[in-house]
Structure formats: C-alpha cells, structure tokens
Amino acid sequence: SGQKVKSIGLRADMDALGMEEDTGLEYKSKHPGKFHGCGHDGHTTMLLGAARHLAATRDFAGTVQFIFQPAEEMYGGGRAMVRDENIFERFPCDAVYGIHNWPLLPEGVISARAGPIMASNDEFLVRIIGQGGHAAMPHLTVDPIYVASQAVVALQGLVSRSTDPVDSAVVSITKFLAGTNALNVIPFGAELGGTIRTFQPETRDRLKTQLKECVRGVVTSMGATAEVEIIEGYPATINHVDETELAAKVASGIVGPTNVVRDAPSTMGAEDFSYMLQEKPGCYIWLGSGRTGNDPMVHDPKYDFNDSISPIGASWFVRMVETSLA
C-alpha cells in the first residue's frame, strides 16, 4: 500500500468443539462433549507467548492488538466481533493476521497463499409438500419422496453444468428425511438439507439463487410445493496479496525458504477470520503440524495438537509485529 503501518492485529481463536475426545492421552479433556479437536488452545498459546515476548522486549514502533476470539466453530465469533462489536473501530488495525495448525502439512512447514484459501459455507433446508396416501395407490398421491429425489438429481447440475470448470464449488445434499415406520404409506412431505461451498463471492450469490430456482422449478412441475431456506454462513477466506508476501517473507526467516509453501491447495472448509479479512488487509497462514504424514485431521476424535509447533507460531507472530512496525 506504500503507507506506513501503525497498528497490527494478531488473532487466535479459543473455542473447543462440541464432541468427544478419543485420544486416550493422560491430558485428554475432562469435560464430556467438549474437545479441543481443532487446536484452538494451541493457537491461543502461540498468541499468549507472542504477547509475553513483545511486552517484555518492546522492539517495535506502533500498536499491537491481540485478538482472542471466541466461537469460531459454530457461532461466528468473528462476525460478531466485526459487525456487532465494531472491533476495528474500537481497536484500530492497519492489517490483521491469523494462524491455524494444519496436520496435512509436515511439521514446521508454513503455507502462505494469496487469494481464496478457504471456502464460504452456506446451508440450505428444503421442505417439500406433496399429497400422501396408500402406497398401493401412488397415482392418487403426489409422492414427495419421488419429487425430492428428482430435486436431488437436478441440484447436481448446479456445479457440473452451471459453474465454470476452473472455478471451484460444492453443493452437497447431506439430509433426506421422509416417511415413517408404516411402509405402506406414502408420506405427505419430505425434507432435504445440505451445504454450499464456494471461493468466489459471485459464485456464492449465483448458486444460492439457482438452488432456490432449481428446487422450486422441479417441485412445481411435479405438482408439489417447496419452501427453501438458505442459512448464510461464513464468507470465503481471501488473503490479500501484499500482506501474504510479507507473511511469507517473515515465515522464510523463521523456518527457511524451502519450508514455505506458496501454492498449497485451498480447502472447502470455512473459517470466520474471513470477516476480519473483509474489513482489513491481512493474511491467514497454515502452520504444518504433521508428525507422520498420516496424522488425524482436525475435528477427528483422535486429533492431538502438536505442541512442538507452538514456538514457531509464536515466533511468526512476533516477527510479523517487529517487521510491520519497524
């Protein structure tokens, strides 16, 4: 940007997952149904370590905002901090940076990629109303199971036939509910649900619109009716070019240039740091934590955060401040 940076934001998420831990480790979660299965406790440790070091050394000229964010996993803590709490008005930042451990990368390897690195995630619910009746007389019904099945097939074309092949998108049907234990009854209704994942904002908007049109068109043509609800999730996480270059340069000074990856594949997972990157330039890096090449991925019941990467993450935070606010 050419302008001197006066303030930098460093973000770490803090929340656990609502799931059971199955690691068998002596330090496993003591709280049933609560598990740090994504390593957010490790991210918090990194940022606390960086804060302690920076407070002691003060080798920078400017302001550092340490952002400890709750509720990343399910409830959009990043959205609440940006949109409801106006965090960047209360605590101004010229740029903002975040980090996430990544078991798919070898321990100590850092991925810093410009552009979209994580997808948006929207969910949808479809309620189809037909006309129930006796299974022996389907001609007297509007079978919602048959209608919903045609809708499921038609929705596959939103990606395969309506999305540019060089773009990336996912429309997955993950829920199909209909009927009862009475196997001689055609039900009156059916329910579908699923997720939409995209990298480009315009693709996201188009798919949400086309999904509604597709479902209603198919369902109406077969004599049924449909209610379609789109539940908006996180936007895509899109790294800014200049800030990503700086993040990669700083990472190279810590782990060496050969351990900095600039073209790691993006993922269809989602992340609410995206809201902060919509408001401020910045970069979200992945820090490799893989020990064996076959480590359990985050959200796996057997996932175990690799503590040995904590000093690397803390060092990266520190050096980002000392470089940006030199």
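Above this text you will find the structure in question.
Reading the values: rules and limits
- Residues numbered from 1 in each chain as written.
- Predicted model: local features only at pLDDT ≥ 70, side-chain atom pairs only at ≥ 80, totals over all residues.
- Heavy atoms only, no water.
- 1 Å grid on protein atoms, 1.4 Å probe; cavity = no way out; pocket = protein on both sides within 12 Å on 5 of 7 lines; lining within 4 Å.
- Points joined across faces, edges and corners; volume = space filled by probe spheres on them.
- Helix = DSSP H or I, 4+ residues; strand = E, 2+ residues; numbered from the N terminus.
- Nonpolar A, V, L, I, M, F, W, Y, C, P; charged D, E, K, R; others polar.
- Pairing = 2+ DSSP bridges.
- Axes fitted to C-alpha atoms, helices over the stretch in contact; angles between N-to-C directions.
- Contact = heavy atoms within 4.5 Å.

Visitor: Account for the layout of surface pockets, with residues named and values stated.
Guide: In this structure, the largest pocket spans a volume of roughly 740 Å³. In terms of lining, the largest pocket is formed by 33 residues, of which the most central are Glu72, Glu73, Met74, Asn121 and Tyr234. Counting residues per element, the ones that place at least two in the lining of the largest pocket are strand 3 (95-106), strand 6 (120-129) and strand 10 (189-198). No other element matches strand 6, which puts 3 residues into the lining of the largest pocket. Among the residues making up the lining of the largest pocket, the classes are represented as 13 nonpolar, 10 polar and 10 charged.

Visitor: With reference to specific residues and values, describe the sheet that holds strand 11 (residues 225-231).
Guide: Reading across the sheet, the 4 strands line up as 8-10-6-11 and stay open at both edges, with antiparallel pairing between neighbours. The sheet is open, and its two borders are formed by strand 8 (169-178) and strand 11, each paired with just one other strand. The sheet shows a mean angle of 20 degrees between the axes of neighbouring strands, taken without regard to direction. Here strand 6 runs beside strand 11; their pairing, made up of 7 bridges, is antiparallel. Its bridge partner lying in strand 11, Ile128 is registered against Ala226. Contacts between helix 4 (residues 144-155) and the sheet are confined to strand 6, strand 8 and strand 10, with strand 8 contributing the most and set at about 170 degrees to the helix. The sheet strands contacting helix 6 (residues 201-221) are strand 6, strand 8, strand 10 and strand 11, and the helix crosses strand 11 at an angle near 165 degrees.

None of the figures reported here should be taken as evidence of function without further support.
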